[in-house]
Each structure stands twice: as C-alpha cells, then as structure tokens.
4 protein chains.
Amino acid sequence: MQNTTLLKITCPDRVGLLAGITGFVAAQGGNLLEVHQFTDPDAAWFFARLAIDTGTIEGGPDRLRDEFAVLARELNAQWTIREASRRMRVVILVSKLDHCLADLLWRWQSGELDVEIPVVISNHDTLAPLVEREGVPFQLIPVDPADKESGFRDLATTLRGARPDAIVLARYMQILPDFLCEEFAGKIINIHHSFLPAFIGANPYRRAHERGVKLIGATCHYATPQLDDGPIIDQEVVRVEHYHQPEDLLRLGRDCERLALARGVRYHVADRVLVHGRRTIVFRD
Amino acid sequence: MQNTTLLKITCPDRVGLLAGITGFVAAQGGNLLEVHQFTDPDAAWFFARLAIDTGTIEGGPDRLRDEFAVLARELNAQWTIREASRRMRVVILVSKLDHCLADLLWRWQSGELDVEIPVVISNHDTLAPLVEREGVPFQLIPVDPADKESGFRDLATTLRGARPDAIVLARYMQILPDFLCEEFAGKIINIHHSFLPAFIGANPYRRAHERGVKLIGATCHYATPQLDDGPIIDQEVVRVEHYHQPEDLLRLGRDCERLALARGVRYHVADRVLVHGRRTIVFRD
Amino acid sequence: MQNTTLLKITCPDRVGLLAGITGFVAAQGGNLLEVHQFTDPDAAWFFARLAIDTGTIEGGPDRLRDEFAVLARELNAQWTIREASRRMRVVILVSKLDHCLADLLWRWQSGELDVEIPVVISNHDTLAPLVEREGVPFQLIPVDPADKESGFRDLATTLRGARPDAIVLARYMQILPDFLCEEFAGKIINIHHSFLPAFIGANPYRRAHERGVKLIGATCHYATPQLDDGPIIDQEVVRVEHYHQPEDLLRLGRDCERLALARGVRYHVADRVLVHGRRTIVFRD
Amino acid sequence: MQNTTLLKITCPDRVGLLAGITGFVAAQGGNLLEVHQFTDPDAAWFFARLAIDTGTIEGGPDRLRDEFAVLARELNAQWTIREASRRMRVVILVSKLDHCLADLLWRWQSGELDVEIPVVISNHDTLAPLVEREGVPFQLIPVDPADKESGFRDLATTLRGARPDAIVLARYMQILPDFLCEEFAGKIINIHHSFLPAFIGANPYRRAHERGVKLIGATCHYATPQLDDGPIIDQEVVRVEHYHQPEDLLRLGRDCERLALARGVRYHVADRVLVHGRRTIVFRD
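Residue indices follow the written sequence of each chain, beginning from 1 at its first position. Chains carry letters and ligands carry numbers; both start at the beginning, A for chains and 1 for ligands, and go up in the order they are written. Note on the predicted model: pLDDT of at least 70 is required for a residue's local features to be given, and 80 or more for side-chain atom pairs to be given and counted; whole-chain, interface and lining totals, by contrast, use all residues. With hydrogens and water stripped out, all remaining heavy atoms of the structure feed into the side-chain values.

A. Examining the pairing of strand β5 (residues 90-94) of chain C more closely. Residues and elements named next belong to chain C. Partly exposed residues are those whose accessible area sits between 20% and 50% of the maximum for their type, while under 20% is buried and over 50% is exposed, using a 1.4 Å probe and protein chains only. Helix and strand labels come from DSSP, where a helix needs a run of H or I of at least four residues and a strand needs a run of E of at least two; each type is numbered from the N terminus. The element β5 is extensively covered by neighbouring structure, given that five of its five residues are classed as buried. Paired strands, as defined in this entry, are two strands with at least two bridges between them according to DSSP. By the bridge criterion, three bridges tie β5 to strand β6 (residues 120-122) in an arrangement that is parallel. The partner of Ile92 across the bridge, within β6, is Val120. Chirality of the crossover, the property in question, places the unit of β5, helix α3 (residues 99-109) and β6 among those that are right-handed. Here the term right-handed applies to a crossover when the path leading from its first strand over the helix to its second strand runs clockwise, the strands being oriented away from the viewer.

Laid out in structure tokens, this is it:
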C-alpha cells in the first residue's frame, strides 16, 4: 500500500476508454494493482477506480496527477487521484444516541476503519465522555430550535475548519440546511433508520410497526437538500415477526444501522463510491 | 394428522384466556398437539392457533365446533375450526407472466403445497397450456379495458362458484374492484413485486433502479380495496449492485416473488395467519 | 415486568401436558402473559416457557415454585422458575481480541442486555482498560502453557465465587478443561468463528479461505467437553467473494461473531433456551 | 450482444498485464464493453474476463483468437475466447428428485438461462415426462448397483456424443467415477444439499437436524474425483428453527438448492467462473 495511488473517474462513455486509461498508466510507468470498471448502458456513462503502484513513476502521484489532468480534460471527466496512505478526515456528527458512534469509534480504534477523526460534533453534550475517552476532540454546537440558523452557522465554521473528506451523520437527528448539503455535496453520509424509500422522515420504526412489515432496515446515503432522497450507498435489513414491538424494532434496527453505516463510510473513505445522479456505483471490498 | 383439528382464534385479551381455552379442549377430551399464542400488548388483543387431536373426542371436530361456539361468544372472539385433512381450495389468478404460477404448480404437484386447485383463471389465454398439462382447469375471463366492470362480474361469478378458501393473485396485473376485495376479504393473497411500502403501484423494478436502491424485494399481502396497502404476510429481499439493469432486477425479483408468495400461501392454507387491522400474526412453520 | 415470573420446563411428552400446566398456573391464581411450547415428535419430548404474572398469587413466585415442584416430580421434568426482575449474573472470559467484549459491554451499558457482570476474566491484561473504564472489575488469571492446570484451578475458584448464571467465552482462545465444562454445564456460552460443524478447531477463517467457501459464519453454542460440539444456540453468516483475503474474512467474520454471540447471550439470560441432547429449543424474541 | 466476444484468462501475475491485454484488444480494433479483473496476491495469479465488441475487428473473433494465442503463450496463460451468441451446451443428469430439474427447465424456457440442452440423462425413467413435455430429449441410462462400471461406460459414450460445455448434476444421486470427473474436469457442476464443507456425503439434512444447526444450505460446486471437495461456485443458506423436522429441512433446502444451482450454472455458461486450485473466481452478474 505504501506507493498505492487511487484514481477515481467518471465520464461520458466512448470507444477505447479503458484501454486509453490503462495505456496511459502504463506509459507513465505505473503498474495497475486493481481495476474496477463499469459502464452504464442507459446513461452511456463510464465509471472506474484504479489502484496504481506509483513507486515506479518518476515524480510519483503528483506527476501522475498533472499528466492525467490533460487526459481527463479531453474525456470531460470528473476524477480524483489520492495516495492510499493519505487517510481521509472524517468528522462525525451525533446527537444523543450512541450506537452508531460507538461502533464507528470501535472500528476506528481497531484499525478496521483507517481514517483520521479530527472532531466529533454534537448538539448535546451527552456523548462527550464516550468521545473524549478515545482521545478524540468533542465539540458541542447547540442547535436552538428557535434559532437553528445560528447553530448551523457555527457548525459550518467548525466543519470548514476541519477540512473533512467525509461528514458522517451518525444519528444526528437534525436536518442539515441546504447550504451545508450543497457546500459539502458528495461528502455528507447519513444513516437513515429505514429501508428507503420506505418510511422517509421521522419515526420510521414506529411506522414500520404500524404498517406490519416483515423486514426492517437501514439505509446509508449521501445527504442532499431533499430529505432522505440522496444517493444510496448501502442498505441492510433484518427479518421481524409479529411479536416484535416498536422497541424491538429499535433494538434490531440498531444492528442494521451500525452495519450499513460502517460499510458506507468504509467504501467512501477508500474511494470506492462514485455518484451519478441519484445512483451510486460502489466497488465493494 | 388424521384427526388433527385446527382452532384459530382472535379476541380481546383478558386474564386467564389461554388457560380457559386449553382447559376447554382438555375438558372436551381433546389432546393439544401444538399451541401458538400471542398477545399484542398495545392492542390488548389475543391471538392463538391450536392443533388438537380430536380423535379422542366423542363427536369429533363437529362436537368441538358446537361447544366452542358458546365459549367464543362469551370471549367476543373471531374464530375458525377446521380439520387439517380438509384441504383448502385455492383459486389462482394470472395474466401472462408465468413464474409465480409455475412455482405454485410445482409445489402443488410435489405435495409441498397441500391444497386443491379447482381452477386457474386468467384474462389472457397465454398460460392455458401450462395449467392444463397439470390437469388443472383453466378459465379465460377477459377484462376489456373499455369495460372492466363486465369482466369482473364474470370473474365474481366464477369465483363464487369455486368456493375458494384463498384467491391467489399470482401476478394477475389487474387491480381488483372494491366489491371483490370486500366479498372475499381476508382470502385474496397478492404478490407485489417490491418491498412494500416502497414502490407502491406500477413498475416497481424500474423505479427501484432509478432510485438506486441496494436491495429489492417482494411482498405477499392480503388485497384490500386500497392498493398495495393490505396486511403483509411475508416479504423477501435480495441484494442488488450498481451493475444490475432493470431487466436484472426483474430476474432477481422473480425469485423473491416466488419465495414470498409460496410462503404466504403456505401459511394461509395451514391457518397460520391471523389478521388484526393492518398487521398479521404469522405462526410460521 | 415487575411481577413477571419465568417458568422453563422440559419433560417427556404425554397427553394433556400443556392443559395441565396452564391449568395449574390458573389454579394458583397466576395470569399467563406469554406461552411458548414445542413438542419434539421424534424424541417425544415436551418443552415450554411460560411468562406468568405472579402479582396475583398469594405467596408469589416462591409459593409457585413450591407448588410446581410437586407437579414437576410427577412429570419427571427439568425446570426452573425465576423472577424476570432478578437479572442473571454473566461472567465474561476474554483473551486479547476485543470485538466481542466491546460489543457485549456496549449492549450492557445501553440496557439492551439486562444482566449483571460481576467480573471480566482474561489470561492477558490487554483488555483491562476497556473493562475497567466501564466500571466492571477485571481479573487477570494467566494460563501458563506449561502448566495450564494451575491456571484453570484459579479460574475455577474465581468462577465459583462469582456464582454465574452464564459464562461467556468472548473469544477466550483457551479450551476449557472437561471438569469446568461439566461443573458449569449448560451455562458456558462460546462463540466459534465458523459456521459449525464446518471448520471445527483452530484458524477457521484461514481454512475457509483455502477451501474457497462463498459464505462464512459464526456459531454461538454451549461449550461441552468435546471441542466445538456443544448445542448450537444461534448462527450468523455473511456472503464473501473471491477478492476477500483471509484478513477480510476476519473483518467480516467479526460482525457475524458479535451478532451471533449477542443473540445467544440474550436468549440465554431471558430463559429462552432449552437444551435436549445436542439440540437447542430457542424461543426467540 | 451480437458481436460480443468473451475472453477469459488466468495466468501468473506480472507487471503491466492488464494494460498489455487491454492494449492488445485496442490494437486489434476491438472495443472493451466490460472488464473484470482480479489479482490474487497470495498466489500471485491474475484472472480476467473481458467482454469485447469484435464487430469492428476485421476477421472477427477468429482473428482475435489467432492473434491472442501468441500473446497467451508468452503469458503462460489458460484462456478461452467465445462468441457470446454461441450458446453453451448443457447436459443435465438427474435421478428421481425433480425440483432442481424443474427449476432449470423453467429458467431455460423463460429465456433466463440462455443455453442449449441437447439431452437430459437419468438412471431412472421417473422424470421422462417432465423432460419430454418441454421438447427436450430424455435418455435413460440405468446404473446397476452390481455393475456400475457398465452404466458409467454408457454414460460416458452419451456425454461424449453430446459435446457438453457443462454437465449439471441436478441431484443425480450417483457419485461419478474418477475417469469421468477427469475427462470433463471443470465442466461438471454439482449441487450438494448442505453448506459445504459441513455434512459432506449422504443424508446431510438428517445430519444437520441431529447436529441442531440453525442455518442449512446448499452448495454448487465443480465435481472432482474427491467427493464434495471441488471448487465452490456459489452457496445459499436459510435460517431454520428447532421446530423444523428433517422433512422441513428437505423442503426449505430445496429452495436453497434451486437458487444456488441456478446461479452456479448461470455464471458458468456466461464464462464468469475461473478456477484456481480449490477456489473459484466468480465475476457475478
């Protein structure tokens, strides 16, 4: 992994794209370690993720980036090139529920989730001890129901200062204002406690119980200005029975939420997720 | 199974209910083979299914039925008593898609689905050969888009004549009129090709693809006048990936539909499903 | 739950058993809240779990216990009666891996796992901080490979002192000696990191990778003197692909282990597991 | 799909492999439609499947094949090149159980399984009607327990005559002799009714019930001379409960078998499976 560089690219499809890109890498002296590619036939759109050993490239990833910029312009591509060893910065936002946070922190401590966590932000101080005992800074940013705008301004300032590659809403329980969704578009990862698009909005478990569904779930998706409507990264479900009361659904759902969120964050921070409209391409590991 | 009688009961909860019912069976000389019971604490409602050996009851199931009627009135109960050996009559309605029908017919031929199929009804003659080669009567009842009422009147006549314990909409593709939903309430089993309540209505797979969900499913539910809103009996899901096109979702979904429908019908014809409002109690086997 | 008493019983099947037991409860003045029953037709054995409101019984659970003892003797039954409010004592044994321990502690702190944890025991001090920061006593009991017997004698002493209702081997990595398996028979819950009976013994993930299986799993079971052979309480699986290396199986398997173990412990401490030979009857919630 | 050609290749890994291969395709004038690639880091082995539009290659797939042979020799590769429109020939072997056969025939009739079925072979005539009504030739080749060798010689003759790309053991219930396993190595697809490597050999459901497992499954794998030990293509599981008797496991297992076998065959006939030792690389669709 020492010299692994990750190239992520989406662009309109055309003949010879993959050969062109792999040829480019070879011409630069890079060695392809892993290639994932997908062409959406309906949209005529191309998606790829390449893991490249850039140890053999004179000038390394920076040189690759400069050279690729020329090709990418030609392809009308959106792209990123990142050294795999440069860990992403993940800011976590929580409220009072701790299950998603505790799970992410455990995965991070164990090394399974290989990121930096510059700060955990909450609108309540409930979870400060859980965060601080892991040596992670905790910041309280209250959101006054009577003046949410002011709270979100503070939040924006802190987020900007943290330079996040991902903002994880680990049951934050606040709907982010549009300006934040737009400023950090493609970086805000939410966990919704239902199997979207079922039960958009509040109290999904209660509503799932009333509807009498036989499976409940959780959805990890990118937040967009439209509530619970952003591109879905991963989903998880669990079978429920008639004897499960709403509090049982909460309990069973927590495990779904933890798994779906952990996977979604994992894929994002390894540059495995590409977005096209409301759909995601996820090259899973 | 020779002398097995099935008692299904729902009533308002009260102290001593189960002891009262099991005591009643014992007093009649019946032997309890299997008991399933559930009390919904929110609704304060009681549900039970008892399998009783009535070989030791003088007068058999009929006597049990007469005696139980008295108790049931007292309990303000809804109930049925049925000899397990009396196989339910299942009418299947189809259109042109054959996967659910073929699956049900195979399970029926193999003895896994222990029912009688007096007739399969369709608004097209496409599937007549598939039905008739199994020795099952096929009846064509066209539903003219310009005069659906007339078609549904014919359908009603045929259904009444078939005295069905269950009417299975095995991808019938027609929305049944309210009067049929009401006349055969609690007996019409539909398979909807989505994970309800997501994607109610037409073209769920196409819409699932557009939404970019990562799991698709099928829902087996009782039909009610409100579209795709009846009590859910069972659901099935399968994971999908970005490379699955709408036609792949159709393919993967077919297996979900077959499984969810087969289970739903199985539970219904063994008196394992009890309905309370929009929820079902399913004592699975 | 205040006055809920749990009656667990297994005995040879006979005519009228359930009516006899429910009638007994009614005669004592108890109200049945929940009944689970199963009769194994092959073994001709009866299993039941009853949740009884004993608030209406003069003399309460103690009286019920005394009276039931007479009936139980007659039935040749194994049984327990326990007030639901009396939380079970769960001792956790660990080695150096923390994922199962962390998960159990989190579920315990959140109230999802409603037990007492008198002590966590380990043969290494690695996880002491994780335990102690939760306010749970940690005890180091080294097991010297050259003299395991001595270590296990110390372990036995500590276990006896803790009066456990359950001993959870949360990846303890030591094979318990026969005398401990026998002394605490039916109380030792192990998590094995494979889908038993596949890959009994050491390094199951490595062997699963070599065999090229497409699903891996974890098994929660009661420990018996024969390795990985005790009655299975629960199992969990996850799909794997060719690109998953042994370290990926470890990662994916950890989530299986956590879920299977958490459920197994949950069922045990709520008196939901009954054992018959190598099989368990689990009345799940 | 008209001009789609499928290139499957496995060879020792080396620097520049994928760029070399994609460059080769581009130099021939072919357009890459889809690329799947995997490098096994432990084995240092390379696997790829390329879907190529060869409509733009003068000389078409034949030319591509000739040219690729030169490169492949250099790479020390095993490879195949096949026009996607050339449907594979699949011979199905059955005994008396029909569920896998009926499922495959249905998928074939519906077009989901796009193959030719030159003949279905059985050691009993039980399933002849099921086969012949679909217009597929049925051939009875008895295997006399007292002289299996003679039966298998007849079988070999018929198989050779059928020039199969795949031989599907759809619950054939006979262990093929080594010489057949070797002659058709990599082409014989078996469905075993357990979650291998658990319950190798006969009566897996009975043994699963005795062991008290909580999940049962089915395994689709290539047959090799060593029983139930060949490379696994796909597996499926279903949760079971204590109340499931051996005959219930049979019933639930049938659905696992049908799904796992259908997927395994589907992947094989689309050149999506590559074998390396005891492991398979499956580029799923």
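B. View of the packing of aromatic side chains. Aromatic rings from Phe, Tyr and Trp, taking only the six-membered ring of Trp, are treated as a pair when their centres fall within 6.5 Å; an angle between ring planes under 30 degrees marks them as stacked, one over 60 as edge-to-face, and anything in between as tilted. Counting across every chain of the model gives 14 aromatic pairs over all chains. A centroid spacing of 4.1 Å and a plane angle of 45 degrees characterise the contact between Phe195(C) and Phe195(D), whose relative ring orientation is tilted. Highlighted residues: Phe195(C) in the loop between β9 (188-192) and α7 (204-211) and Phe195(D) in the loop between β9 (188-192) and α7 (204-211), drawn from two different chains. Residue Phe195(D) is classed as buried on the basis of its relative accessible area, which comes to 4%. Members of the aromatic cluster, connected to one another through ring pairs, are Phe24(A), Phe68(A) and Trp79(A). Positioned above the aromatic ring of Trp106(A), the side-chain terminus of Arg258(C) is 5.1 Å from the ring centre. Our definition puts a charge over a ring when NZ of Lys or CZ of Arg is within 6 Å of the ring centre and also within 35 degrees of the ring normal.

C. Inspection of the interface of chain A and chain C at higher detail. Contact between two residues is taken to exist if any of their heavy atoms lie within 4.5 Å; hydrogens are not considered. Listed per partner, the contact involves 19 residues of chain A and 19 residues of chain C. By definition, the buried area sums, over both parts, the 1.4 Å-probe accessible area that each loses when the two are put together. Between chain A and chain C, a total of about 1800 Å² is buried, with carbon and sulfur atoms accounting for 43% of that surface. When the area that chain A buries against chain C is broken down by residue, the three leading residues are Trp106(A), Arg133(A) and Arg251(A), summing to 32%. A pair is scored as a salt bridge if a Lys or Arg side-chain nitrogen falls within 4 Å of a carboxyl oxygen belonging to Asp or Glu. On the surface where chain A and chain C come into contact, there are 10 salt bridges. With a shortest N-O distance of 3.9 Å, Asp285(C) and Arg251(A) are connected by a salt bridge. Any pair of nitrogen or oxygen atoms within 3.5 Å is treated as a polar contact; in protein, a donor-acceptor pairing is required on top of that, and neighbouring residues in sequence qualify only through side-chain atoms on both sides. Across the chain A-chain C interface, the total number found is 12 residue pairs in polar contact (both at pLDDT 80 or more). Residue type decides the class: Asp, Glu, Lys and Arg count as charged, Ala, Val, Leu, Ile, Met, Phe, Trp, Tyr, Cys and Pro as nonpolar, and the leftover types, Gly among them, as polar. Each residue belonging to the side of chain A that touches chain C can be placed in one class, and the counts come to four nonpolar, two polar and 13 charged.

D. Structural context of the domain arrangement of chain A. Residue and element names in this part refer to chain A. Boundary definitions for the domains trace back to an automatic or database domain assignment. Domain annotation for chain A reports domain 1 (4-83) and domain 2 (90-282). Listed by partner, the interface residues are 15 residues for domain 1 and 10 residues for domain 2. For the pairing of domain 1 and domain 2, the buried interface totals around 980 Å² over both sides, and the portion due to carbon and sulfur atoms is 54%. Of all residues in domain 1, Lys8, Phe47 and Arg49 give up the largest surface area on contact with domain 2, accounting jointly for 50% of the area buried on that side. In this structure, the connection of domain 1 to domain 2 is made through three salt bridges. Put simply, Arg82 and Asp271 hold a salt bridge, and the shortest N to O gap is 2.8 Å. Counting the contacts that link domain 1 with domain 2 gives five residue pairs in polar contact (both at pLDDT 80 or more). For the side of domain 1 that touches domain 2, the elements supplying multiple residues, two or more each, are β1 (4-12), β2 (31-40), β3 (45-53) and β4 (78-83). Its residues placed into classes, the side of domain 1 that touches domain 2 shows seven nonpolar, three polar and five charged.

E. Layout of the relation of the copies chain A and chain C. Only residues with pLDDT of at least 70 in both copies contribute their C-alpha atoms to the least-squares superposition of the copies. The operation relating chain A to chain C is a screw motion whose rotation component is 180 degrees, with 0.0 Å of axial translation and a residual RMSD of 0.0 Å. Here the symmetry operator amounts to a two-fold rotation axis. Here 100% of the interface residues in chain A have copies in chain C that are interface residues too; the copies meet face to matching face.

F. Highlighting the environment of Glu134(C). Note that Glu134(C) resides in the loop between α4 (128-132) and β7 (138-140). Sequence separation between Glu134(C) and Val269(C) is 135 residues; the distance between their C-alpha atoms is 21 Å. Those residues in contact with Glu134(C) that lie beyond four places of it in its chain are Arg133(A), Leu105(C), Trp108(C) and Gln109(C). Within the structure, Glu134(C) has its side chain in polar contact with the side chain of Arg133(A) (distance 3.0 Å).

G. Expanded view of the interface of chain C and chain D. Across the contact, 41 residues belong to chain C and 42 residues belong to chain D. The junction of chain C with chain D conceals about 3500 Å² of combined surface from both sides, 51% of it contributed by carbon and sulfur atoms. Among the residues chain C hides against chain D, the three largest losses belong to Arg211(C), His242(C) and Arg279(C). Together they make up 23% of the total. Where chain C packs against chain D, one counts six salt bridges. One salt bridge in this structure joins Asp234(D) and Arg239(C), with 2.9 Å as the shortest N-O distance. For the pair chain C and chain D, the number of links is 23 residue pairs in polar contact (both at pLDDT 80 or more). Listing elements by their share of the side of chain C that touches chain D, those giving two or more residues are β2 (31-40), α7, β11 (232-239), α8 (246-269) and β13 (279-282) of chain C. It is β11(C) that provides the largest number of residues to the side of chain C that touches chain D, a total of seven residues. Classifying every residue of the side of chain C that touches chain D by side-chain character gives 18 nonpolar, eight polar and 15 charged.

H. View of the relation of the copies chain C and chain D. Of the two same-sequence chains, chain C is brought onto chain D (RMSD 0.0 Å, axial shift 0.0 Å) by a rotation of 180 degrees. A share of 100% of the interface residues of chain C reappears at the interface of chain D, consistent with the copies meeting face to face through the same patch.

I. Fine view of the pairing of strand β12 (residues 273-276) of chain C. Residues and elements named next belong to chain C. The sheet contact formed by β12 and β13 spans four bridges and is antiparallel. What sits directly across from Val275, in β13, is Thr280. Between β12 and the antiparallel strand that follows it, β13, lie two residues; Gly277 among them carries a positive phi value of about 60 degrees.

J. Highlighting the sheet that holds strand β3 (residues 45-53) of chain B. Residues and elements named next belong to chain B. Strands sit in the order β2-β3-β1-β4 across an open sheet of four strands; the sheet is antiparallel. Strand pairing shows two members of the sheet lacking a second neighbour, β2 (31-40) and β4 (78-83), which therefore form its edges. With strand direction ignored, the average angle separating the axes of adjacent strands in the sheet is 10 degrees. Direction of pairing for strand β1 (residues 4-12) relative to β4: antiparallel, over a ladder of six bridges. Note on definitions: angles span 0 to 180 degrees between N-to-C directions of axes, and those axes are lines fitted to C-alpha atoms, for helices only across the stretch in contact.

K. Spotlight on the packing of helix α7 (residues 204-211) of chain B against helix α8 (residues 246-269) of chain B. Residues and elements named next belong to chain B. Viewed as axis vectors pointing N to C, α7 and α8 meet at an angle of 120 degrees, and their least axial separation amounts to 9 Å. On the basis of their axis angle, the class for α7 and α8 is oblique. Helix-helix and strand crossings are classified by hand; for α7 and α8 the assignment is right-handed. Of α8, the residues touching α7 (which contributes Tyr205, Arg206, Ala208 and His209) are Pro246, Leu249, Leu250, Gly253, Arg254 and Glu257. Here the contact of α7 with α8 is built from residues that sort into five nonpolar, two polar and three charged. Oblique is the label for every angle not falling under 35 degrees (roughly parallel), over 145 degrees (roughly antiparallel), or within 65 to 115 degrees (roughly perpendicular). The crossing is said to be left-handed when, going from far helix to near helix, the turn is anticlockwise and less than a right angle, and right-handed when the turn is clockwise.

L. Spotlight on helix α1 (residues 17-28) of chain C. Expected helix span is taken as 1.5 Å per residue step, with the number of steps being one fewer than the number of residues. For α1(C), built from 12 residues, the straight-helix expectation of 16 Å at 1.5 Å per residue is met to within 8% by its first-to-last C-alpha distance of 17 Å. Three or more residues of α1(C) are buried, namely Leu17(C), Leu18(C), Ala19(C), Ile21(C), Thr22(C), Phe24(C), Val25(C) and Gln28(C). Looking at the packing, one finds that the buried side of α1(C) touches α1 (17-28) and β2 of chain B together with β1 (4-12), β2, β3 (45-53) and α2 (60-75) of chain C. Downstream of α1(C) by one or two residues, Gly29(C) has phi in the positive range, about 95 degrees.

M. Looking closely at the side chain of His36(B). As for its placement among the helices and strands, His36(B) is situated in strand β2. Not counting residues within four places of it along the chain, the set of residues in contact with His36(B) comprises Phe47(B), Ala48(B), Arg49(B), Arg272(B) and Phe283(B).

N. Structural detail: the pattern of salt bridges. What the rule picks out here adds up to 116 salt bridges over all chains. Put simply, Glu34(B) and Arg272(B) hold a salt bridge, and the shortest N to O gap is 4.0 Å. Of this pair, Glu34(B) sits in strand β2 while Arg272(B) sits in the loop between α8 and β12 (273-276), and the two are 238 residues apart along the sequence. Overall, the relative accessible area of 27% leaves Glu34(B) in the partly exposed class. A residue is classified by how much of its surface remains accessible, and Arg272(B), at 7% relative accessible area, is buried. As a salt-bridge pair, Asp271(C) and Lys8(C) come within 3.7 Å of each other at their nearest N and O atoms. Pair noted here: Asp271(C) is in the loop between α8 and β12 and Lys8(C) is in strand β1, with a separation of 263 residues, a long-range link. Within the structure, one salt-bridge network assembled from shared partners comprises Glu34(A), Arg49(A), Arg266(A), Arg272(A), Asp285(A), Asp248(C) and Arg251(C).

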